[in-house]
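Listed below, chain by chain, are the residues.
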Amino acid sequence: MKIVQQTIALLLLIGTSFSVLAQVSSKESIRLTQLAKRVTIIRDQWGIAHVYGTTDADAVFGMLFAQCEDDFKRVEMNYIEKLGRLSEIKGSATLYNDLETRLLIDVAEAKSDYQKAAPWLKKLLNSYADGINYYLYKNPNVKPLLLTHFEPWFPLLWTDGSIGAISTADITTQELKDFYGKPEDKIAFVAQEKDMQTGSNGFALAPHKTASGNAILYINPHTTFYFRPEIQISSEEGLQAYGAVTWGQFFIYQGFNENCGWMHTSCNVDVADTYIEKIVRQKEKLFYKYENKLLPVKEKQITLQYLENGRIIPKTFTTYFTHHGPIMAKRDNQWISLKSNNRSMNSLIQSWERTKSKNFVEYQKAMDWKANTSNNTVYADNKGNIAYWHGNFVPKRDPKLNWAQPVDGSIAATEWKGLHPVKETVHLFNPKNGWLQNCNSTPFSVSGNESPKEENYPPYMAPDGESYRGINAVRVLSTGEKYTLDKIIETGYNNQLPFFEELIPAVVNQFEKSIQNGETKYSSLSEAIQVLSTWDLRSNENSIGLTLANELGFKLDPLLRKTYIDQGELDQVENTRKFIQHLNPEQVLPQLQEVITELTSKFGTWKMSWGELNRFQRLSGDIDNRFDDAAPSLPISYTSVLWGALPAFKSAYQNNTKKRYGFSGNSFVCAVEFGPKVKAKSLLAGGNSGNPSSKHFNDQAERYQKAQFKEVLFYKEDVEKNSVRNYHPGEYNSRHFKY
């Protein structure tokens, strides 16, 4: 019996390999092998792939092949998610996440766009698929979780490289489940984290602010670690771009070419709206009221599959649509639809065109696609221009309405009236003071006193509020002069914490008041209060004050940590100052006692330095990180951006850990100077490879800890001088070489 089982297992294993190999015919393998010969990949000493192709399409082929070498599982997972097929590998826990994706990202539309694509774009799409499929063909030992063949229309499902590319207004997955599920339905979903600390910093400096007289760009996305690798792509058709690429995409999302650079920061520009639909049932059919007419509700059957006890179980949903979009929720017994723009071919075109922009005029033409739905842009170039755009895709709407709330879907007055031209959106070019910043905060402080004025724009165009990180950026950039690459990096790692600059004196004051009033229940806090009162209010590896302040901050009113706001809401700074203004001892001192108790319970003392508690650790290449107090880790001095820190390190207590471990924040960081020749320095969390056996899995970890950047190799002669491996895709497979 044991021999039979082993034979069956072996056949299944062989079958898996053949199923992948079978996706590439003999004729196809010859074509792909010839294509691979037109592509060269040079790996430098950090394992970064520098990809050279004859054509742009050749470069895309090599780029995707190299990405798969570095971390195929992340490439695959991104498309499993965008296809709405997570449940086929994760089970029913993600079923309603898949339903949300399928309601908002239409596979049929992506396929149709592929057929309509211009010849140049179709070549890139074909090369995207060819690169991944050739990798699977050449590496049969790699076992995909689900996708054994990649289609050229896949990139049209995910046309924006942002980590938060799907917009649902304020509709939650719980509301979606409540609407389409049944009360007895035990199927769950993975809730999106509310008020995530994600975001980014982007700085641009004009020539008169720099030591060299060249413009400088600082690129500092804050994402989950390992969300993007570092790569370069070049062709003989004018492509030469370097930066961070989101796994499985074929354009540099945040980066630069020899002429200009671009940094994206997340924003809260209103790009998706909810509508109250007035539903009428007649003769067992559903209609909705619109302009005194009854229009039929469109029904669409969506069948999903989920894994359960080793079997794939189908589940069909009857979903509903009006002309606004899918019905996503029910509130106060009213159906709520969502109008959004979560994928478009124009967005993919824009993403590619900005990669090849040769100057400010060409970059502005790329912006004129008005297709970027989730990001701001900070820009600099070799002619000394610096620029900022707040959002890009901005529908025209009635400014008298609060579009953060559901609007009446039965009248034409609430329809979008086209898109605002880019010149009407919030933007700023070449401010006199010579600097620009955005830290996911209001555009009305993007350049200090030179910033755009709020009264000149409708509220839905920039509902974003101020944050302590924005305050910090304005403060440091306002006073800086003669910037170099090293100095802008030093600025980007400024360790002042303006949130605590305001909060901690108020906490100390409340303690002193309680003592003066003869109260004794908080007297045990005297030593901790002394530590806080003498703390320099900066993030530091050896700081006990930061440990106390950080733990206290997460126990206070959640409004103090809300950095993304909607129209009409108070921002983080306003909420914090209001909290401090009305503060009493009971709002902070019991919470500080709780911090002392918890730390003492875990470690036998509350006097823990921040670096002892706050750690960086990378143990495996799994997408879901695991952490272990007993395994090696590094102390990190950076902290949460919620407190106004510019460098981001989001850490938390993980399952079965006493210490905090980072999982999000500074990921790819790069400083670029645009002179006669481009100069740049960069840093990546951990390393460029997702393979734990690769020397490039964790070779940048200590540099990350110390903010020690590496020199970017941009020009081919420099790349060749530092070449560790020079090869054509497929010349050897991942079993024989660890990148």
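An account of the accompanying structure is given in this report. Quantities reported herein were computed from a predicted structural model and do not represent experimental measurements.

All right, on to the nonpolar core then. Proteins that are soluble and globular tend to have nonpolar side chains buried together. Ranked by size, the top nonpolar core spans 69 residues in total, and within it Y128, F150, F154 and F250 carry the most contacts. Per element, the largest residue contribution to this core is 14 residues, and it comes from helix α3 (residues 56–82). Residues within four places of F150 in sequence aside, it is in contact with F72, V75, E76, Y79, Y128, A129, I132, N133 and L136. With 38 residues, the next largest nonpolar core counts L589, V595, I596 and L599 among its residues.

With respect to topology, 10 strands assemble into an open sheet ordered β20-β18-β17-β8-β7-β6-β5-β2-β1-β29, the strand pairing being mixed. At either end of the open sheet lies a strand with only one pairing partner, and these are β20 (427–429) and β29 (725–727). Each adjacent strand pair in this sheet contributes to an overall mean axis angle of 15°, direction not counted. Pairing between strand β5 (residues 230–235) and strand β6 (residues 240–244): 5 bridges, direction antiparallel. Note on β6: the bridge partner recorded for Q232 is Y242. Along the sheet, α3 makes contact with β1 (39–43), β2 (49–53), β5 and β29, crossing β1 at roughly 40°.

A complete count under the given rule lists 33 salt bridges for this structure. We note a salt bridge from D70 to R43, for which the minimum N-O separation is 2.9 Å. Taken together, the residues span a long stretch of sequence, with D70 in helix α3 and R43 in strand β1 at a distance of 27 residues. For the pair D70 and R43, a shared accessibility class is recorded, and that class is buried.

Examined against the element boundaries, K681 turns out to sit in strand β27 (residues 678–684). Side-chain polar atoms of K681 contact the side chain of D486, separated by 2.7 Å.

Attention now goes to the pairing of strand β11 (residues 285–290). Where strand β10 (residues 279–282) lies against β11, 4 bridges are found, and the strand directions are antiparallel. In the sheet register, R281 faces β11, and the bridge partner there is L286. Hairpin geometry of β10 and β11 is characterised by an intervening segment of 2 residues between the two adjacent antiparallel strands and by a positive phi of about 50° at K283. Sheet analysis places β11 next to strand β12 (residues 293–296), joined by 4 bridges and oriented antiparallel. Opposite K289, over in β12, you have L294 as the bridge partner. Here β11 hands over to β12 after 2 residues, with E291 in that stretch at a positive phi of 50°.

Attention now goes to the environment of F317. Along the chain, F317 falls in strand β14 (residues 311–322). For F317, a relative accessible area of 3% puts it in the buried group. Considered as a pair, F317 and Q301 are 16 residues apart in the sequence and their alpha carbons are 5.7 Å apart. Among all residues touching F317, those that are not within four sequence positions of it are L95, Y96, L99, Y180, K300, Q301, I302 and L304.

Put simply, helix α5 (residues 95–104) and helix α8 (residues 173–180) touch, their axes get as near as 10 Å, and they point 90° apart. Considering the angle they form, α5 stands roughly perpendicular to α8. From α5, Y96, N97, L99, E100 and L103 reach across to α8, where they touch T173, L176, K177 and Y180. The class makeup of the residues in the contact of α5 with α8 is 5 nonpolar, 2 polar and 2 charged.

Quick look at the packing of helix α13 (residues 498–516) against helix α16 (residues 572–581) now. Pairs of packed helices are described in terms of their axes, by the angle between the two and the distance that separates them. Where α13 meets α16, the closest approach of the two axes is 10 Å, and the angle between their N-to-C directions is 10°. As the angle between them shows, α13 and α16 are arranged roughly parallel. Across the interface between the two elements, F499, E502, L503 and A506 of α13 pack against Q572, T576, R577, F579 and I580 of α16. Residues belonging to the contact of α13 with α16 are distributed by class as follows: 5 nonpolar, 2 polar and 2 charged.

Another aspect to go through is helix α14 (residues 526–534). Listed in full, the buried residues belonging to α14 are A528, I529 and L532. The arc that holds every buried residue of α14, seen down its axis, measures 100°, which confines them to one face.

Right, let's talk about the environment of P635 for a bit. Mapped onto the fold, P635 is located in strand β23 (residues 634–635). By relative accessible area, P635 is classed as buried at 17%. Residues contacting P635, with those up to four places away along its chain left out, are E541, G611, N614, R615 and Q705.

Take the packing of aromatic side chains next. Under the criterion given, the structure shown has 48 aromatic pairs. When the centroid spacing of 5.8 Å and the interplanar angle of 50° are considered together, the rings of F225 and F616 count as tilted. Of this pair, F225 sits in the loop between β4 (215–224) and β5 while F616 sits in strand β22 (residues 614–616); the two residues are 391 residues apart in sequence, bridging distant segments of the chain. For the pair F225 and F616, a shared accessibility class is recorded, and that class is buried. By way of ring pairs, the aromatic residues F61, F65, F72, Y79, Y128, Y134, Y135, Y137, F150, W153, F154 and W158 are connected into one cluster. Between the NZ or CZ atom of K122 and the centre of the ring of Y114, over which it lies, the distance is 5.0 Å. Lying across the ring of F317, K315 places its NZ or CZ 5.4 Å from the centre.

Conventions adopted
- Residues numbered from 1 in each chain as written.
- Predicted model: local features only at pLDDT ≥ 70, side-chain atom pairs only at ≥ 80, totals over all residues.
- Heavy atoms only, no water.
- Core = buried A, V, L, I, M, F, W, Y, C linked by side-chain atoms within 4.5 Å.
- Buried < 20%, exposed > 50% of the residue type's maximum accessible area, 1.4 Å probe, protein only.
- Helix = DSSP H or I, 4+ residues; strand = E, 2+ residues; numbered from the N terminus.
- Contact = heavy atoms within 4.5 Å.
- Pairing = 2+ DSSP bridges.
- Axes fitted to C-alpha atoms, helices over the stretch in contact; angles between N-to-C directions.
- Salt bridge = Lys/Arg side-chain N within 4 Å of Asp/Glu carboxyl O.
- Polar contact = N/O pair within 3.5 Å; in protein donor to acceptor, adjacent residues only side chain to side chain.
- Parallel < 35°, antiparallel > 145°, perpendicular 65-115°, else oblique.
- Nonpolar A, V, L, I, M, F, W, Y, C, P; charged D, E, K, R; others polar.
- Arc of directions from axis to C-beta.
- Phe/Tyr/Trp six-rings, centres within 6.5 Å; stacked < 30°, edge-to-face > 60°.
- Lys NZ or Arg CZ within 6 Å of the ring centre and 35° of its normal.

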